[in-house]
Structures are given as structure tokens and as C-alpha cells.
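Each chain, written out:
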Amino acid sequence: MHALARRLRRLAPSCGPVRLVGVDGHAGSGKSTFAGLLAAALDDAPVLHLDDIACHEELFAWDGRLLTEVIAPLARGTTAHYRPYDWVARRFGPARALPPAPVVLVEGVGAGRRALRPQLAALLWMDLPREEAWARGRARDGEEQREFWAGWVEAERRHFAGDPSRPFADLLVRQMKQGYEVLPGPSGRLGPDQFVTHREGPSAMC
């Protein structure tokens, strides 16, 4: 993980002074867990969870708010402020600050969408088939979220059908029995010297 962190630090800034790194994949593919481990290796880099930007009424139609509230301030080198969504209370909460750190991770389904890609220094895709990822997500969230998952799966299908992320991924991340394997992605943007295979650390689920 530290080798990957070093390579990300060496990338050119992509959003003002920030190296914005997207971590995308299907719901349940392990994005949050992986992003947390990578953030720790990046000396506690800030992580923006797209679950905090989305809401029940805008499962994927949140790109305008993201660009206005987060991307534009970071591009100016100033601290962004956004209001995390409470999925239980179904309302946005108090504003939270997101500073323009050297590396900022954006984690969630749609982190590699076309509206955001021009601002990304790198896009990582959690390479788990959607049906397997969704099964993990349903098992994680339990029966009480069954109805939500039914609507989510259809919304995610539509999103990736019209705005796919995986073809533009710079690196593919595959969870192993222990740790992760990081492989070259379809985009071919990163040179061969920037690829890293990592098989250390605990196995985890998101």
C-alpha cells in the first residue's frame, strides 16, 4: 500500500494543487475499506465519500453539487465545504470541511464519471463483478435495506450503462485472500513504471 501511495504522490496535481484520486466500483466492491487503507498510507489523506454527496432523490444526479461545492474550491486551492447526507434522517447535515491536501481521495460509485474525470490525477477501479459486489452489499446491509437495494441496483445499472468508469481506470484493484493486487487499467494513462502489485495487509470487505 505504501508503494502505491508513493506513486500517487509523484503524480502531477490535477485539481489546483490537489492530486484528486478516484476510487470507483460497484456497490459492495470494497471501495470504502480500500480507500481507508490507502488514505492511512498517504499520511491520513482526506477521503470524500460520495455517499455523503448523494441522497435518496439524487442517487447519481449529484455531479453539479460536487463540482460547485467541492471541485471548484479545491481547484482554487481553498478549503471546500459540503453537507453530508444522513441516509436515516433523509436530510443533509452540518457543513464539513475538505482541505486542499496534496492527495484527496474521492470514493464511491461514480467517482470516475465523465464530469469528474478531467479533475482526476488517477482513477482506481475495484475490480469485482457487479453481481458478486451487490451480493456482498446486500449481505452487509441486511434485510432492512432490501427495498433500497432493489432500487439502487437498477439505478446503478443505468448509471454505468450511460457513463461507464472501468474503461477509463488507470489501475484495477483486486482483493485477494490477503491484501490487494493492483494491476494496469484499461486507460493506459500511467506509464509502466507507475504500476504496482500489492499483496500485503488484511483482507477486508466494504
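Since this is a predicted model, take the numbers as computed values, not measurements. (Residues numbered from 1 in each chain as written. Predicted model: local features only at pLDDT ≥ 70, side-chain atom pairs only at ≥ 80, totals over all residues. Heavy atoms only, no water.)

Comments concerning the overall build of the protein chain
Argument step 1. Looking only at helices and strands, the protein chain has five helices and 10 strands in total.
Argument step 2. Relative to a compact globule of 206 residues, whose C-alpha radius of gyration would be 17 Å, the protein chain shows 16 Å and is just as compact.
Argument step 3. Viewed in the frame of its principal axes, the protein chain has a C-alpha envelope of about 45 × 40 × 30 Å.
Argument step 4. A buried classification covers 48% of the 206 residues belonging to the protein chain.
Argument step 5. At a minimum sequence separation of 6, the contacts of the protein chain that also span at least 24 residues come to 68%.
Argument step 6. When the accessible surface of the protein chain is summed, it comes to about 9800 Å², and 52% of that surface belongs to carbon and sulfur atoms.
Argument step 7. Placing the 27 positive and 25 negative side-chain charges of the protein chain at their respective mean positions leaves the two points 4 Å apart. (Helix = DSSP H or I, 4+ residues; strand = E, 2+ residues; numbered from the N terminus. Rg over C-alpha atoms; globule rule 2.2 N^0.38 Å. Buried < 20%, exposed > 50% of the residue type's maximum accessible area, 1.4 Å probe, protein only. Contact = heavy atoms within 4.5 Å. Areas by Shrake-Rupley, 256 points an atom, 1.4 Å probe, with all protein chains shown as cover. Lys, Arg positive; Asp, Glu negative; His and termini not counted. Charge placed at Lys NZ, Arg CZ, Asp CG, Glu CD.)

Some thoughts on the packing of helix 1 (residues 2-9) against helix 2 (residues 31-41)
Argument step 1. Two numbers describe how helix 1 lies on helix 2: the axes approach to 9 Å, and their chain directions differ by 70°. Judged on the interaxial angle alone, helix 2 and helix 1 are roughly perpendicular. In this structure, helix 1 contributes His 2, Leu 4, Ala 5, Leu 8 and Arg 9 to the contact, and helix 2 contributes Phe 34, Leu 38 and Ala 41.
Argument step 2. Classifying every residue of the contact of helix 1 with helix 2 by side-chain character gives six nonpolar, one polar and one charged. (Axes fitted to C-alpha atoms, helices over the stretch in contact; angles between N-to-C directions. Parallel < 35°, antiparallel > 145°, perpendicular 65-115°, else oblique. Nonpolar A, V, L, I, M, F, W, Y, C, P; charged D, E, K, R; others polar.)

Focus on the sheet that holds strand 8 (residues 120-126)
Argument step 1. In space, the six strands of this open sheet follow the order 2-7-1-8-9-10, with mixed pairing throughout. Each edge of the open sheet carries a strand with a single partner, namely strand 2 (47-49) and strand 10 (180-184). This sheet shows a mean twist of 25° between the axes of neighbouring strands, independent of strand direction.
Argument step 2. Note: strand 8 against strand 9 (residues 171-175), three bridges, orientation parallel. Within the sheet, the bridge partner assigned to Leu 124 lies in strand 9 and is Leu 171.
Argument step 3. The sheet strands contacting helix 1 are strand 1 (19-24), strand 7 (103-107), strand 8, strand 9 and strand 10, and the helix crosses strand 1 at an angle near 135°. (Pairing = 2+ DSSP bridges.)

With respect to the packing of aromatic side chains
Argument step 1. A complete count under the given rule lists seven aromatic pairs for this structure.
Argument step 2. Ring-pair connections join several aromatic residues into one group, and the members of that group are Phe 60, Tyr 85, Trp 87, Phe 92, Phe 148 and Trp 152.
Argument step 3. The ring centre of Trp 62 lies 4.4 Å from the NZ or CZ of Arg 113, which sits over that ring.
Argument step 4. A cation sits over an aromatic face here: Arg 117 above Phe 168, 3.7 Å from the ring centre. (Phe/Tyr/Trp six-rings, centres within 6.5 Å; stacked < 30°, edge-to-face > 60°. Lys NZ or Arg CZ within 6 Å of the ring centre and 35° of its normal.)

A few points about helix 1
Argument step 1. Those residues of helix 1 lying buried are Leu 4, Ala 5 and Leu 8. One side of helix 1 holds all its buried residues, which, seen down the axis, span an arc of 100°.
Argument step 2. Where helix 1 is buried, its residues contact strand 1, helix 2, strand 8, strand 9 and strand 10. (Arc of directions from axis to C-beta.)

So, the confidence of the model for the protein chain
Should pLDDT be low for a region, the predicted coordinates there are not to be read in detail.
Argument step 1. When pLDDT is averaged across the protein chain, the result is 91; 92% of the residues are at 70 or more.
Argument step 2. Residue range residues 192-206 is modelled with pLDDT below 50. Its contacts to residues more than four positions away, or to other chains, number 51 contacts. (pLDDT = per-residue confidence, 0-100.)

A word on the side chain of His 26
Argument step 1. Within the fold, His 26 resides in the loop between strand 1 and helix 2.
Argument step 2. A relative accessible area of 12% means that His 26 is categorised as buried.
Argument step 3. Look past the residues within four positions of His 26 in its chain and what remains in contact with it is Lys 31, Val 109, Trp 125, Leu 128, Pro 129, Arg 130, Ala 133, Trp 134, Glu 156 and Phe 160.

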